[in-house]
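# Summary of the model geometry
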Amino acid sequence: MKNIVLIGMPGCGKSTIGVVLAKVMGYQFIDSDLLIQEQENRLLSEIIQQEGIEGFNEIENKVNASIRAKKAVIATGGSVIYGKEATKHLRDIGVVVYISLPYEEIESRLGDLVERGITIQEGQTLRDLYQERCPLYEEQAHIMINTQGLEIRDSVKLIKEKYEQYVEQPNLL
Ligand SMILES: Nc1ncnc2c1ncn2[C@@H]1O[C@H](COP(=O)(O)OP(=O)(O)O)[C@@H](O)[C@H]1O
Ligand SMILES: O=C(O)C1=C[C@@H](OP(=O)(O)O)[C@@H](O)[C@H](O)C1
Ligand SMILES: [Mg+2]
């Protein structure tokens, strides 16, 4: 049985939507960020501060590449797409769903980027990060879903529908 893997920019709703989706599907819920914290016994913000962005990306890559799950919704962290092994593994074990939103909506949802622990390079703006990452999310996704203007329950319904459609006829989407 396949898993559902959620990818997308920080603030797009992977964690918030993911847990409700898991409940509706009768699946287990896994949040990659929590796995990382558990395995490292440190907060994400501490890992980023102590290891730097590259160090965090390596840990994130390793943890995501080792997820073993059946019938789970997996909410990844926004920077997971920089990990080669992680993205390959997640595509192997699940249907990858990209939750997409316009830049303005992402910006309005995220508060202080440093406080939130977004891995943004010095001198880079959130818009730069958005433009850099969107093509990478698209490249890795089996399904792309625009959730602009949707409430959580409507996003859950839409993802469930598209996922079931994809599992039945993967070539049609
Ligand atoms: N319609 C919506 N769907 C999902 N999240 C929403 C919506 N409107 C506002 N939000 C807020 O956006 C944020 C999404 O954050 P989160 O689920 O942590 O995203 P991610 O895991 O992708 O970083 C939450 O604070 C949530 O309350
Ligand atoms: O996009 C990013 O750089 C990050 C997103 C976070 O997860 P969410 O996408 O769940 O916010 C978390 O993995 C870490 O703070 C880095
Ligand atoms: Mg999250």
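A quick note: this is a predicted structure, and the numbers were derived from the prediction, not measured.

## Considering the overall build of the protein chain
Along the backbone of the protein chain there are 8 helices and 5 strands. Reading the secondary structure of the protein chain in the N-to-C direction produces β-α-β-α-α-β-α-β-α-α-α-β-α. In terms of overall dimensions, the protein chain is globule-like: its C-alpha atoms have a radius of gyration of 15 Å, near the 16 Å expected for 173 residues. Taken over the C-alpha atoms alone, the protein chain extends approximately 45 × 35 × 25 Å along its principal axes. When the 173 residues of the protein chain are sorted by exposure, 50% land in the buried category. Taking the contacts inside the protein chain whose residues are at least 6 apart along the sequence as the reference set, 70% of them involve residues at least 24 apart. Measuring between centres, the 19 positive side-chain charges of the protein chain sit 9 Å from its 26 negative side-chain charges.

## Some remarks on the site of ligand 1
In the vicinity of ligand 1 lie 13 residues, with Gly11, Lys14, Ser15, Thr16 and Leu150 positioned nearest. For ligand 1, an oxygen atom lies 3.4 Å from a polar atom in the backbone of Cys12. Protein burial of ligand 1: of its 570 Å² of free accessible surface, 67% is covered by the chains. The element that contributes the greatest number of residues to the shell around ligand 1 is helix H1 (residues 14–25), accounting for 3 residues.

## Considering the UniProt feature "binding site: ATP" (unreviewed entry) in the protein chain
According to UniProt, the feature "binding site: ATP" (unreviewed entry) maps to Gly11, Cys12, Gly13, Lys14, Ser15, Thr16 and Arg116 in the numbering used here. With respect to the helices, strands and loops of the structure, Gly13 is situated in the loop between strand S1 (3–7) and H1. Leaving out residues up to four positions away in the same chain, Gly13 has contacts with Gly18, Ile99 and Arg109. Relative to the elements of secondary structure, Lys14 occurs in helix H1. The residues contacting Lys14, other than those within four sequence positions of it, are Leu6, Ile7, Gly8, Met9, Ala75, Thr76, Gly77, Gly78 and Ile99.

## Considerations on the side chain of His142
As for its placement among the helices and strands, His142 is situated in the loop between helix H7 (126–140) and strand S5 (143–146). For His142, a relative accessible area of 19% translates into the label buried. Setting aside residues up to four positions removed in sequence, His142 forms contacts with Arg91, Gly94, Val95, Val96 and Tyr166.

## Brief notes about the packing of helix H2 (residues 32–40) against helix H3 (residues 44–65)
The interhelical angle for the contact between H2 and H3, taken along N-to-C directions, is 110°, at an axis separation of 11 Å. Relative to H3, the element H2 is oriented roughly perpendicular. The element H2 and its partner H3 pack so that their crossing is right-handed. Across the interface between the two elements, Ser32, Asp33, Leu35, Ile36, Gln37, Gln39 and Glu40 from H2 touch Leu44, Ile47, Phe56, Ile59, Glu60, Lys62, Val63 and Asn64 from H3. Residue composition of the contact of H2 with H3, by class: 7 nonpolar, 4 polar and 4 charged.

## As for the site of ligand 2
Around ligand 2 sit 15 residues in total, of which Lys14, Asp33, Gly117, Thr119 and Arg133 are the nearest. One nitrogen or oxygen atom from the main chain of Gly78 is found 2.8 Å from an oxygen atom belonging to ligand 2. Here ligand 2 has 390 Å² of accessible area as a free molecule, and 95% of this is covered by the chains. In terms of residues, the shell around ligand 2 owes the most to one element, H3, which gives 3 residues. In the shell around ligand 2, the residues fall into 4 nonpolar, 6 polar and 5 charged.

What counts, and where the lines are drawn
Residues numbered from 1 in each chain as written. Chains lettered and ligands numbered in written order. Predicted model: local features only at pLDDT ≥ 70, side-chain atom pairs only at ≥ 80, totals over all residues. Heavy atoms only, no water. Helix = DSSP H or I, 4+ residues; strand = E, 2+ residues; numbered from the N terminus. Rg over C-alpha atoms; globule rule 2.2 N^0.38 Å. Buried < 20%, exposed > 50% of the residue type's maximum accessible area, 1.4 Å probe, protein only. Contact = heavy atoms within 4.5 Å. Lys, Arg positive; Asp, Glu negative; His and termini not counted. Charge placed at Lys NZ, Arg CZ, Asp CG, Glu CD. Near = heavy atom within 4 Å. Polar contact = N/O pair within 3.5 Å; in protein donor to acceptor, adjacent residues only side chain to side chain. Areas by Shrake-Rupley, 256 points an atom, 1.4 Å probe, with all protein chains shown as cover. UniProt positions renumbered as here; feature names shortened; annotations may be inferred. Axes fitted to C-alpha atoms, helices over the stretch in contact; angles between N-to-C directions. Parallel < 35°, antiparallel > 145°, perpendicular 65-115°, else oblique. Left-handed = near helix turned anticlockwise from the far one by under 90°. Nonpolar A, V, L, I, M, F, W, Y, C, P; charged D, E, K, R; others polar.

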